[in-house]
Amino acid sequence: MRRSTTRPRRAAALATATVAATALLLTSCSSSGSGSGDAKGGDTNEKITLTVGDFGTFGYQEAGLYTEYMAAHPNITIKAETAQDGQKYWDALTTHLAAGSGLTDIQAVEVGYIAQATSKLGDKFVDLGKTEGITAGAWLPWKSTQATTAKGELIGLGTDIGPMAICYRKDLFQQAGLPTDREAVGQLWAGDWGKFIEQGKAFQAKAPAGTFFTDSASGLFNAVISGESEQYSDSSGKLNVKDSAAVKKAWDLSVAASQAKISAGLRQFQKPWEAAFANAKFATVACPSWMTGIVSKQSGEAGKGKWDIAKAPVAANWGGAFLTVPKAGKHTKAAAALAAWLTAPEQQAKVFTKVGNLPSTSAGLQLPAVQSAKLDYFGDTPTGQIYAAAASSIKPAKIGPDDGTAKTIITDNGILDIEEHGTDPAKAWQTVLKGIADKVNG
């Protein structure tokens, strides 16, 4: 994801890490990648380095997948280049694609930008549908459709999806006089994000000093709009922010949360936000499946067992990403084989059990390792069941080419200005519209 916001996997600079190999066995799609060399016909035993560019926490290193793959392919070394700032990552990627240089062999694309990749940049990527062992039907139908061009070319393999829940601190809820049982908590706001705001006010009235109900009005915006059938673009994919009922709804609720002082006013995926987890400064965070890994990492040992997961007010999907193979890469055949293996059901399940990124393949969602998963950090919470059930209710909206741009400007240049500087919402909204117009038309 990611994925934020763009998917909350972000960083200003690319940090390169070489992963060392150990003697492990390869499973799943290894046959399609065995001995892969240069796509232009190089020696299949040639020693090559494959670079993977992504953002935030895709979980491949954490789950040991790079090490596993290299053990089965002694001629391949994998290097990961990971960014934490998704917007900067995407801006750099589009620049490199235009130049045909500076690209990694595999490039991740966040779901908010996949429509731009398929409609405006499709000719820059390998058609992965022609790679041995890959069939679009392996993924949830809407997931593979998102990465398919008008010509029918599959340019991206789905990594994960982001079905929505709410992660909450049981200790802070108890101190504020709210229920702590996950079923009872889910009922507090069932069916309506407006109820979530009202519970926030109830929490804030009795909250421990210095704590807030939720982390960020921008995070709330992303959560609310993710559950709408039409979001930034209309059914044809045309950007329609100014007249979008979904944008207005999410904006109004986010502004209400900020003005009611139930939000900590933090910018997600930045250092102060990360520190606030460790210091127990907020009680809830909108929690797509990939967020569970961030919660556990940033809250640290002191927070273990204090977090739980309840149903979100409305079923939604926030985030998810794809692996693509730029045509300008030196080893496109080997890169495609690696991408196929990383996104196969068995590997997706390993990533989920390690960092919480839920599989985007139909088979992956049904694996016992996913269905029965309980992340240690959340104790006996049936994490796999909660998120797999949420995934079954997702009705994804049409994604337009400029959705990712609109989302970033609304949250970073609109809501954040209200949160951090007390900007009048009407003025902030006009700034948003101008910023989107300048970026999209400029």
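Above: the structure in question.
Because the structure is predicted, anything quoted here is derived from the model rather than measured.

Description of the side chain of Thr 284
For step 1, the next point in the chain: Tracing the backbone shows Thr 284 in strand E8 (residues 282–286).
For step 2, the next point in the chain: Classification of Thr 284 as buried rests on a relative accessible area of 0%.
For step 3, the next point in the chain: At 3.1 Å, the side chain of Thr 284 forms a polar contact with the side chain of Thr 214.
For step 4, the next point in the chain: Among all residues touching Thr 284, those that are not within four sequence positions of it are Ile 166, Cys 167, Tyr 168, Phe 173, Phe 196, Phe 213, Thr 214 and Asp 215.

Thoughts on the pattern of salt bridges
For step 1, the next point in the chain: Summed over the entire model, instances satisfying the criterion amount to eleven salt bridges.
For step 2, the next point in the chain: For Glu 68, the salt bridge is made with Lys 350, and the minimal N-O distance between the two is 3.2 Å. Placement of the pair is Glu 68 in helix H2 (residues 65–72) and Lys 350 in helix H14 (residues 345–355), with a sequence separation of 282 residues.
For step 3, the next point in the chain: Take Glu 68: its relative accessible area is 7%, and that puts it in the buried class.
For step 4, the next point in the chain: In this structure, Asp 380 and Arg 182 form a salt bridge, with 3.4 Å as the shortest nitrogen-oxygen distance. Of this pair, Asp 380 sits in the loop between helix H16 (368–371) and helix H17 (383–392) while Arg 182 is found in helix H7 (residues 182–188), placing the two residues 198 residues apart along the sequence.
For step 5, the next point in the chain: By sharing partners, the salt bridges in this structure join Arg 182, Asp 308 and Asp 380 into a single network.

A short note on unusual backbone geometry
For step 1, the next point in the chain: One non-glycine residue, Lys 261, adopts positive backbone phi at about 60°.
For step 2, the next point in the chain: Residue placement: Lys 261 occurs in the loop between helix H10 (245–259) and helix H11 (271–278).
For step 3, the next point in the chain: At Phe 269, a position not held by glycine, the phi torsion is positive, near 70°.
For step 4, the next point in the chain: Looking at the secondary structure, you find Phe 269 in the loop between H10 and H11.
For step 5, the next point in the chain: Residue Phe 269 is classed as buried on the basis of its relative accessible area, which comes to 11%.

As for the nonpolar core
For step 1, the next point in the chain: Of all hydrophobic cores here, the largest spans 80 residues; its most connected members are Trp 251 and Ile 410.
For step 2, the next point in the chain: It is H10 that contributes the most residues to this core, seven residues altogether.
For step 3, the next point in the chain: Sequence-distant contacts of Ile 410, that is, excluding residues within four places in its chain, are made with Phe 221, Tyr 232, Val 241, Val 247, Trp 251, Ile 415, Val 432 and Ile 436.
For step 4, the next point in the chain: Counting residues in hydrophobic clusters, the runner-up holds 51 residues, among them Ile 76, Leu 97, Ile 106 and Ile 134.

Let's talk about the sheet that holds E8
For step 1, the next point in the chain: What the four strands build is an open sheet, ordered E7-E8-E6-E9; its pairing is mixed. A single partner strand is all that each edge strand has here, and the edge strands are strand E7 (212–214) and strand E9 (307–311). Between one strand axis and the next, the sheet turns through 20° on average, direction left out of account.
For step 2, the next point in the chain: Two strands pair when backbone bridges link them, and strand E6 (residues 165–169) and E9 are joined in this way by five bridges, in the antiparallel orientation. Paired with Ala 165 across the strands is Lys 311, a residue of E9.

Some remarks on the side chain of Ser 226
For step 1, the next point in the chain: If you trace the backbone, Ser 226 turns up in the loop between helix H9 (217–225) and H10.
For step 2, the next point in the chain: Look at Ser 226 and you get buried, because its relative accessible area is 11%.

So, the state of the cysteines
For step 1, the next point in the chain: Taken as a whole and assessed by the stated rule, the structure comprises one disulfide.
For step 2, the next point in the chain: Here Cys 167 pairs with Cys 287 through a disulfide, and the sulfurs are 2.1 Å apart. Judged by the sign of its S-S torsion, about -60°, the bond between Cys 167 and Cys 287 is left-handed. Linking Cys 167 in strand E6 with Cys 287 in the loop between E8 and helix H12 (291–299), this pair joins segments that are 120 residues apart in sequence. Across the pair, Cys 287 and Cys 167 agree in class, each one buried.

Analysis parameters
Residues numbered from 1 in each chain as written. Predicted model: local features only at pLDDT ≥ 70, side-chain atom pairs only at ≥ 80, totals over all residues. Heavy atoms only, no water. Helix = DSSP H or I, 4+ residues; strand = E, 2+ residues; numbered from the N terminus. Buried < 20%, exposed > 50% of the residue type's maximum accessible area, 1.4 Å probe, protein only. Polar contact = N/O pair within 3.5 Å; in protein donor to acceptor, adjacent residues only side chain to side chain. Contact = heavy atoms within 4.5 Å. Salt bridge = Lys/Arg side-chain N within 4 Å of Asp/Glu carboxyl O. Core = buried A, V, L, I, M, F, W, Y, C linked by side-chain atoms within 4.5 Å. Pairing = 2+ DSSP bridges. Axes fitted to C-alpha atoms, helices over the stretch in contact; angles between N-to-C directions. Disulfide = S-S within 2.5 Å.

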